[in-house]
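# Summary of the model geometry
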Amino acid sequence: MSIENSSRREFIKTSLFFGASALVPVGLALTNIVQGKNSDDRRIIVIGAGLAGLACSYDLYKAGYNVILLEARSRPGGRVRTYRDPFADGLYAEMGAEYVDSEDHYVKKYAKEFGLSILKAKLYDGVYVRGKKFRMKDLQSLRHQLPYADVEGSNLFGQEKKYINHYVERIQVWSKQNSMSSFSLHDSSGQKKIKNSININNLPQDILDLDNLSVADLLRKEGAHKDIIELYTFTNATESTGRPETLSAFSMVLGHFMADSFNEETDEGRIQGGNDQLPKAFAKSLSNTIFYRRPVKKIEYNNDGVEVSFLEDGKLTSLKGDKCVITMPVSLLRRTKINPAFTADKMHCIRKQSYGHVMKIAMQYKHRFWDESASIGQRVFTDTPLRRVYHHSIDQPGPRGILLSFTSGSDAEKLGRMSEARRMEVAQSTCRKIWLDTPQYWEGGISKYWNEDPWIRASYSVVGVGQKDFREILARKEGLCHFAGEHTSIYRSSMNGAIESGLRASREIQIDN
């Protein structure tokens, strides 16, 4: 039964038969499956089965399009990666995208549609910095103060705001004078569009010029103590996976204006039982349109259609379609041949888009010492190489449990240069400083450094110096090529953003037709 001749009912029956993990046999060529047709006026080739590609394909399929989804790996999900096999007692760990915030409407919409529930995460309750331990409640009650110069109040995050607040206030005044509010949002899937939204390029020039400065440059210019910059490294810069020396100051100021900066009170959760259930649910609905182990090597397009070349059983083959949706990270797209080249500004963004560094380490212990009354906490903010260390197994009974760390920026780069054994040594020694009795309970661990993953080669996108316009340029369609992925979304660096971008690309195609 050919894909393009399948009726909707036959498609669903086939999907149920093959299931989420169905793989087209390597010996069965994709070109044979689609009956050798050169093109199809309803065929959309989607490149990448991360959440952006899955959401786009799912939406297009429901609208009646003939979708072919190509994925380099043998699994769906992209940077959503849940590890299960390395651990005992059915424990699991999120080694990729993890959190679902309270405003992540797109993730919540599809989680509900697929019967998945969101588990609320614990807030930070411990701090270990400069060799000192603090309970968060003691900092919040001002019983103790962070050991950094020029900090005010009890907050970990946002200590930089007093140095940049005059810029934030200028944007607020300007927006009121021009009857503007927030920034451009999309209006699908229940996420309301903001009326009279601000186009950032209409902001006063001296505000726009902040894009030419790094966060560190601006804070130094405004007289911030080096401790404030160091604290920013371990707070917001860690969340973005970047470094203050490379992140755009404009983006930081904008984040404070929009009041969307991450902080220790941010309401977070994750999908109960594992985030990988979401891409698997999408994939199960699309199983006979997804073709795994087909890494794309070349994209060609003209006014009549697109042709995508990919490896199939080690041999280069190609497929033609009406249009294509490119959802692969820019870190891979820049390694892909494109003919003809996209417009100059888009090619510049593809070559230069900044990405951070991130590593996660999952550590299995046979006893949950972090739950004991003498423990500093279950979710600990640190300035150590592990950055964040937290109890991951909150939805699973003991006695064993997983401590998960989230490391980014320069510390992730350093750990990335180490062997796996050495990474585990650093993880154990760091945890021993935070919880003294850890060695006797250690059973093993595993790391995931996304910058060494051959199909990502990065963490997620960040707004580097001079890159305030990159997102819109990267999201803009080029001829019959459309673009999605978290790097194209207003909800950058998130599962929510990936899904939003896929729906946007789907909507573009449907409007064009």
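Residues numbered from 1 in each chain as written. Predicted model: local features only at pLDDT ≥ 70, side-chain atom pairs only at ≥ 80, totals over all residues. Heavy atoms only, no water.

### Focus: a positive patch on the surface
This is how it is decided: Any residue with relative accessible area above 30% and no salt bridge may belong to a patch, with like charges joined within 9 Å and the nonpolar Val, Leu, Ile, Met, Phe, Trp and Tyr side chains within 5 Å. Every accessible area reported is derived by Shrake-Rupley at a probe size of 1.4 Å, with residue values counting cover from the shown protein chains alone. Salt-bridge detection follows one rule: a side-chain nitrogen of Lys or Arg within 4 Å of a carboxyl oxygen of Asp or Glu. Positive charges come from Lys and Arg alone, negative charges from Asp and Glu alone, with His and the N- and C-terminal ends not counted. The atom standing in for a charge is NZ when the residue is Lys, CZ when it is Arg, CG when it is Asp and CD when it is Glu. Helical segments are the DSSP runs of H or I of at least four residues, strand segments are the runs of E of at least two, and each set is numbered from the N terminus. Burial classes: relative accessible area under 20% of the type maximum marks a residue as buried, over 50% as exposed, and values in between as partly exposed (1.4 Å probe, protein chains only).
On the surface, K297, R334, R335, R351, K352 and R457 cluster together to form a positively charged patch. Take K297: it is sitting in strand β13 (residues 296-302). Given a relative accessible area of 37%, K297 falls into the partly exposed group.

### Concerning the packing of helix α3 (residues 51-62) against helix α12 (residues 277-285)
Any two packed helices are characterised by how steeply their axes cross, that is the angle between the axes, and by the distance between the axes. Inclusion rule: Axes here refer to lines fitted to C-alpha atoms; in helices the fit is confined to the stretch in contact. Angles between the N-to-C directions go from 0 to 180 degrees. Helix crossings get a hand from a simple test, with the near helix turned counterclockwise from the far one by less than a right angle marking a left-handed crossing and a clockwise turn marking a right-handed one. By definition in these notes, contact holds between two residues if any of their heavy atoms fall within 4.5 Å. Charged means Asp, Glu, Lys or Arg here, nonpolar means Ala, Val, Leu, Ile, Met, Phe, Trp, Tyr, Cys or Pro, and polar covers whatever is left, Gly included.
Viewed as axis vectors pointing N to C, α3 and α12 meet at an angle of 35 degrees, and their least axial separation amounts to 10 Å. When you trace α3 past α12, the crossing you get is left-handed. Facing α3, whose interface residues are L51, L54, A55 and Y58, α12 presents L278, P279, F282, A283 and S285. For the contact of α3 with α12, the per-class residue count stands at eight nonpolar, one polar and no charged.

### Quick look at the sheet that holds β13
Formally: Two strands qualify as a pair provided that DSSP identifies no fewer than 2 bridges between them.
Spatially, the four strands line up as an open sheet ordered β15-β14-β13-β17, and their pairing is mixed. One side of each edge strand has no neighbouring strand; the edge strands of this open sheet are β15 (315-321) and β17 (337-339). Pairs of neighbouring strands in the sheet enclose a mean axial angle of 15 degrees, with direction left out of account. Pairing of β13 with strand β14 (residues 305-312) involves six bridges; the strand directions are antiparallel. Paired with N302 across the bridge in β14 is G305.

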